Each structure stands twice: as structure tokens, then as C-alpha cells.
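Residues per chain, in single letters:
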Amino acid sequence: MRDGLPQEGEAGAAERWAEVFGAYETVVLVANSDAVRIADLRLRYGEGALFVFFNKVYKVLDAPFDGECLLVARSSRAGVNIVYRREVEDVLRLVRNPRFQGICNLRAGHHERFSAPAEFGGSVPVGHLDMAGGMEGFYPSDQVATSGFALALFLVERCPASRIVLAGFTARRSKRWKLFTDHDWTFEQIVQRLLLRAGRIETAGVASDDLFGTVARRFPDVSRADVALVSAEVLAERLDGANAAIDDLLRATRPQRRLGDWLRSIKPKTRKARIAEQDAAKGGG
């Protein structure tokens, strides 16, 4: 399978990627989350499953992985993050084994640039998966999908015979790893929950209870639509209360934030920031 992974612009690339993933009965997508327990996943899903890791795998792997696996490397305006940050070898040493299937360079936004296979060092197979078009008209236009969400959507739609398992997709910030604000985590969790309830994906952890469904079952004269509407009203009220508390915190921390902004302003700009400014200047011109 590893030879000849689909390349950028190749005709039928999406279909070929579907064949790559569809060859496995079970595909386990492993998020970079503190909730992931690799040993438990290996024991639970066995030797035949394909484990898909994302970007900086040292967030979940503290030792080399010896199972069937593939690495998804996300693109940005500056190309693949682990490439321009010179982290390819740090990542590959944790997944490269005789059963390693190569790298899937994925993009989910039209502004993101693929990296050439040679930029990864030339020691492993590299292919390109373009999900930018598939997100148009679906994902909120002012943000961009996470790699895990984009790939999960691809698998659900293109590999219906495979068992798709999400591990660690909690969308919760941990003490060590933050959530990037350029993704719509709420939208992704809504879609993930809908696919879970429809039986089109699974989660490796304990699935959340159908809290509002239990209300409708307890009171048969109350429709699910009414439960959903009232739930949305209550959540909106609670969000307003949370926003008021956030405003208080912002006022209290204004001096610290001003100092932080000043310190960031004197730091040299990253390559990604310079490229973003150049793109903005071209668009404005």
C-alpha cells in the first residue's frame, strides 16, 4: 500500500485515498489528547487496525509505536508544520517501523500549501489529501477544520464499510496542550455527536449519555424538538452569564495583556506570520 501514495493534483486522488483507508476493517484516529491511552487502544482494536496519528505524535506517544500506522501531517500557509519547524525526524522516530504506511499531507483550507515529498527527507512515502473543497459550504467559513475532523468526515463518506473509531476527540483544553481558536470546536463536536448517534462512527472512550433523549423518554408528552428548543434557551442564558464573568476577567487582566502584547510585538515574526502578511497584502492590492 505504501508505494505511490496520491499526489497533489493527481486525478482520482480522493478515490485512491479511499482505497488506502478502505483496505482496513478498522481505522482508529488518535487525537493528540491527554485522554488517549495507547496501550489500551492496541489491546482493544488488535493487530489488524490502522492507527492514524496527527502531526506532533510525541503528545501521545512516549515510545515508538509498533503497529500498523499512518501519520497525517497538516499543511499551513508555510507548508507542513512539522517540516518548516524541522520536527519531521522527531515525529517519525515514534511511528517509523516495518508496518508504517507513510505520511498523508492533508490540507483543509485553500490558503494552506502542500509540502513536496522531498521536503520530508525522502525516507518515507508521502501523499497529499486535499479536503479544502470538501469543507466549502459546510464548515463555518471564517474558520478551518481540524485535521482529525476533516479526515473523519472523509472516511465516513468515502469508506462506509470501515469501522471508524475516534480516540481522544474531546475538544477540551488540557494543562499541557491548548485548543487553537482557528477551529470551530463547537461545530465539530455537534457533527461528531450526530455521527455517533447515527452509528456512523465510534468513540474509543465512554460515549456521552443522551441526556436530552432521556428527558423525552421520561415525559412522552414532551417532544424531542421541544426538549432541544428549551435546552438551547437554557444554554444561551448560561452562556450569557459566562460571558459576563469573562468580561470581568478581561478587565481585571488588562495590564497583564498589554504587557504580553508588547513582548510579542518585539519578537521576530515567524515564517507563517510573514507569509500570512504577504497573502493579506496581495489580497488588498
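Here the structure is a predicted model, which is why all the values come from computation and not from measurement. (Residues numbered from 1 in each chain as written. Predicted model: local features only at pLDDT ≥ 70, side-chain atom pairs only at ≥ 80, totals over all residues. Heavy atoms only, no water.)

Draft legend 1. Spotlight on the side chain of Glu188. For Glu188, the location among the structural elements is in helix 7 (residues 185–197). As a buried residue without a salt bridge, Glu188 has its nearest oppositely charged side chain in Arg74, at a separation of 7.3 Å. A distance of 2.8 Å separates a polar atom in the side chain of Glu188 from a polar atom in the side chain of Thr146. Every residue in contact with Glu188, bar those within four places of it in the chain, is listed here: Tyr139, Ala145, Thr146, Phe149 and His183. (Helix = DSSP H or I, 4+ residues; strand = E, 2+ residues; numbered from the N terminus. Buried < 20%, exposed > 50% of the residue type's maximum accessible area, 1.4 Å probe, protein only. Lys, Arg positive; Asp, Glu negative; His and termini not counted. Salt bridge = Lys/Arg side-chain N within 4 Å of Asp/Glu carboxyl O. Polar contact = N/O pair within 3.5 Å; in protein donor to acceptor, adjacent residues only side chain to side chain. Contact = heavy atoms within 4.5 Å.)

Draft legend 2. Main features of the environment of Ser141. Inspection of the secondary structure assignment puts Ser141 in the loop between helix 5 (132–135) and helix 6 (147–158). Owing to a relative accessible area of 79%, Ser141 belongs among the exposed residues under this scheme.

Draft legend 3. Broad picture of the side chain of Asn97. Along the chain, the position of Asn97 falls in the loop between helix 4 (88–92) and strand 5 (100–107). Asn97 gets classed as buried once you look at its relative accessible area, which sits at 14%. Of note is the side chain of Asn97, whose polar atom sits 3.4 Å from the backbone oxygen of Gly67. A distance of 3.1 Å separates a polar atom in the side chain of Asn97 from the backbone oxygen of Val95.

Draft legend 4. Inspection of the nonpolar core at higher detail. Among the nonpolar cores identified, the biggest contains 39 residues, and Phe21, Leu29, Val52 and Leu151 are the most heavily contacted of them. Among the elements that make up this core, the one with the highest residue count is helix 6 (eight residues). In contact with Leu29, other than residues within four places in its own chain, are Val52, Phe54, Gly148, Leu151, Ala152, Leu155, Val165, Leu166, Ala167 and Phe169. One finds Val36, Phe53, Val88 and Val95 within the second-largest nonpolar core, a separate group that totals 32 residues. (Core = buried A, V, L, I, M, F, W, Y, C linked by side-chain atoms within 4.5 Å.)

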